[in-house]
Amino acid sequence: MELYHLYQNNYLVVLMFLLLGILLPAVALTAGKFLRPSKPNKEKQTTYESGIEPFHQSWVQYNVRYYIFALLFVIFDVETVFLYPWAVAYEKLGIFALIEMTIFIVMLLIGLIYAWKKKVLKWM
Amino acid sequence: MIEELLYSAPSYLSTLIFFALGAGLLMMVLGFVTYAILAERKVIGFMQLRVGPNRVGGPLGLLQTVADVLKLLLKEDTIPKAADRPLFILAPVIAFAPAFMVLAAIPFSESLRFSDLGIGLLYYIAISGISTVGILMGGWASNNKYALLGGMRSAAQMISYEVPLVMSVIGIILLTGSLNLVEIVEAQQNLAYLFVQPLAFFIFLIASVAELNRTPFDLPEAESELVAGYHVEYSGFRWAFFMLTEYVYLFAMASITTILFLGGWNPVPFLEFIPGVIWFAIKFSIIVFIMIWLRATLPRLRADQLMSFGWKVLLPLALLNIFISAVIKEIWF
């Protein structure tokens, strides 16, 4: 029961921190509204582009490279999701888990080397 | 006191107390940010044979940042016509809230802590990843080419360095057998993990500098090419929140490095009479100083160097470190 309370309280604290994290910007920006001047004009509200008239939107199709890096990130981040519980429980699992995990990591390493050889990791 | 509170049944009163404690920490963090910015400017000034701020608040410029914050509060807040207004307003909040949330898991000493999360380390890593979304959102919503480039670079860099950052700590989890940060500190009573896991420490330090978008990895806001990166269009207090996020993360990152590698509040032998909080503060300050030192010393990397360093050097090293730690654990423990 006590551990259950600990569990509840921990996430109550997390919730309070989240609330504070949202409240501070909300309160500071609302309070600032009464303090700061507000004299908008057309020039102020244009998009900054080093002094020249901005042309086109900047919401354009973007270099695919970023997307490939995001894919790689997902693969390796999922790998860590598996590695964390393995690391915590390692003491109980012993040498067999080590061999299994080595196989798992080597497989992902092959993937990394493949990406490397395909020049995915090369920028530009 | 907090111990009792955490183990008692949750009530409205305890919720209120948690809120008050959180607000207290928030004030402390804001104080840290104020003086970290000043310290950074001063230290970099001295390293470059200048004096740094010395006008406001005595010869040390003690009130310089306070004056800066007050000035920012009085600045007009412009939102460009072409920007995506709701996302533009939401972005600083999404960047800032997780920066403060991660602090809930961090124990500052045996008694000074706010929660006792069993998955403390995982919580830290999971929550800190959300800020990337805020930064990317800010860059995209501005509808500005510099901001978009900065936001994209920032996202690419943060996700690339998150992988080695997350993997370097697996060695520590292996040796401790727990994700609880208090237990990780207690496991270092005799020897700090810095000496057991030196490779992990260097990977973690480098990756954390990259995660914080600080020099030499400050490409997202490379002034010479991108003006200011993802927050070009932000002004006044909204901009201040992006700045605040960076420094709150500096606080969080230095704390977690202290806990994971420097033994948290554990004292150095023969100096046990100094309380744990002071030890934590000393170790914490050393890490912050190193971050400032790096900024003053190293030039900025190129984008391609940055990416290939993360994926081709740090990631294989982090994987190697996991393997070495597992073998060491198998042989010695």
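Above this text sits the structure in question.
Scope of this entry: the structure provided in the associated data block. (Residues numbered from 1 in each chain as written. Chains lettered and ligands numbered in written order. Predicted model: local features only at pLDDT ≥ 70, side-chain atom pairs only at ≥ 80, totals over all residues. Heavy atoms only, no water.)

Moving on to a nonpolar patch on the surface. A contiguous nonpolar surface patch, about 570 Å² in accessible area, is contributed by Tyr35, Val56, Leu60, Leu62, Leu63, Val66 and Leu70 of chain B. With respect to the helices and strands, the residue Tyr35 of chain B is situated in helix H2 (residues 12-47). (Patch = residues over 30% accessible without salt bridge, like charges linked within 9 Å, V, L, I, M, F, W, Y side chains within 5 Å. Areas by Shrake-Rupley, 256 points an atom, 1.4 Å probe, with all protein chains shown as cover. Salt bridge = Lys/Arg side-chain N within 4 Å of Asp/Glu carboxyl O. Helix = DSSP H or I, 4+ residues; strand = E, 2+ residues; numbered from the N terminus.)

All names here are of chain B. With respect to the element layout, Thr258 can be found in helix H13 (residues 236-261). By relative accessible area, Thr258 is classed as buried at 0%. What Thr258 contacts, discounting residues up to four positions off in sequence, is Gly263, Gly264, Phe280, Lys283, Phe284 and Ile287. (Buried < 20%, exposed > 50% of the residue type's maximum accessible area, 1.4 Å probe, protein only. Contact = heavy atoms within 4.5 Å.)

Across the boundary between the two partners, chain B contributes 86 residues, which contact 68 residues of chain A. Both sides together, the interface formed by chain B and chain A hides about 7200 Å², and carbon and sulfur atoms give 74% of it. The tally of links between chain B and chain A comes to 2 salt bridges. In this structure, the salt-bridge partner of Arg36 of chain A is Asp77 of chain B, at a minimum N-O distance of 3.8 Å. The element best represented in the side of chain B that touches chain A is helix H15 (residues 303-332) of chain B, accounting for 14 residues. Split into classes, the residues belonging to the side of chain B that touches chain A amount to 60 nonpolar, 11 polar and 15 charged. (Buried area = accessible area lost by both parts, 1.4 Å probe. Nonpolar A, V, L, I, M, F, W, Y, C, P; charged D, E, K, R; others polar.)

In this section: the packing of aromatic side chains. The tally for this structure, following the rule as stated, stands at 24 aromatic pairs over all chains. Judged by centre distance (5.9 Å) and plane angle (90°), the rings of Phe82 of chain A and Phe104 of chain A are edge-to-face. One end of the pair, Phe82 of chain A, is in helix H2 (residues 64-88); the other, Phe104 of chain A, is in helix H4 (residues 95-117), and 22 residues separate them in sequence. Judged by relative accessible area, Phe82 of chain A falls into the partly exposed class, the value being 49%. With a centroid separation of 5.4 Å and 65° between ring planes, the pair formed by Phe32 of chain B and Phe284 of chain B is classed as edge-to-face. (Phe/Tyr/Trp six-rings, centres within 6.5 Å; stacked < 30°, edge-to-face > 60°.)

Another aspect to go through is the pattern of salt bridges. Side-chain pairing between opposite charges can occur once the charged atoms of the two side chains come close. Tallied over the full model, the rule gives 7 salt bridges over all chains. A single network of salt bridges, built from pairs that share partners, joins Arg36 of chain A together with Asp77 and Arg238 of chain B.

Turning next to the packing of H2 of chain A against H15 of chain B. Two numbers describe how H2 of chain A lies on H15 of chain B: the axes approach to 14 Å, and their chain directions differ by 15°. Classified by the angle their axes make, H2 of chain A and H15 of chain B are roughly parallel. Considering only the axes of H2 of chain A and H15 of chain B, their crossing is left-handed. For the pair H2 of chain A and H15 of chain B, contact is made by Phe69, Leu72, Phe73, Phe76, Glu79, Leu83 and Trp86 of chain A and by Met307, Trp311, Leu315, Leu319, Ile322 and Ala326 of chain B, respectively. Grouping the amino acids of the contact of H2 of chain A with H15 of chain B by side-chain chemistry returns 12 nonpolar, no polar and 1 charged. (Axes fitted to C-alpha atoms, helices over the stretch in contact; angles between N-to-C directions. Parallel < 35°, antiparallel > 145°, perpendicular 65-115°, else oblique. Left-handed = near helix turned anticlockwise from the far one by under 90°.)

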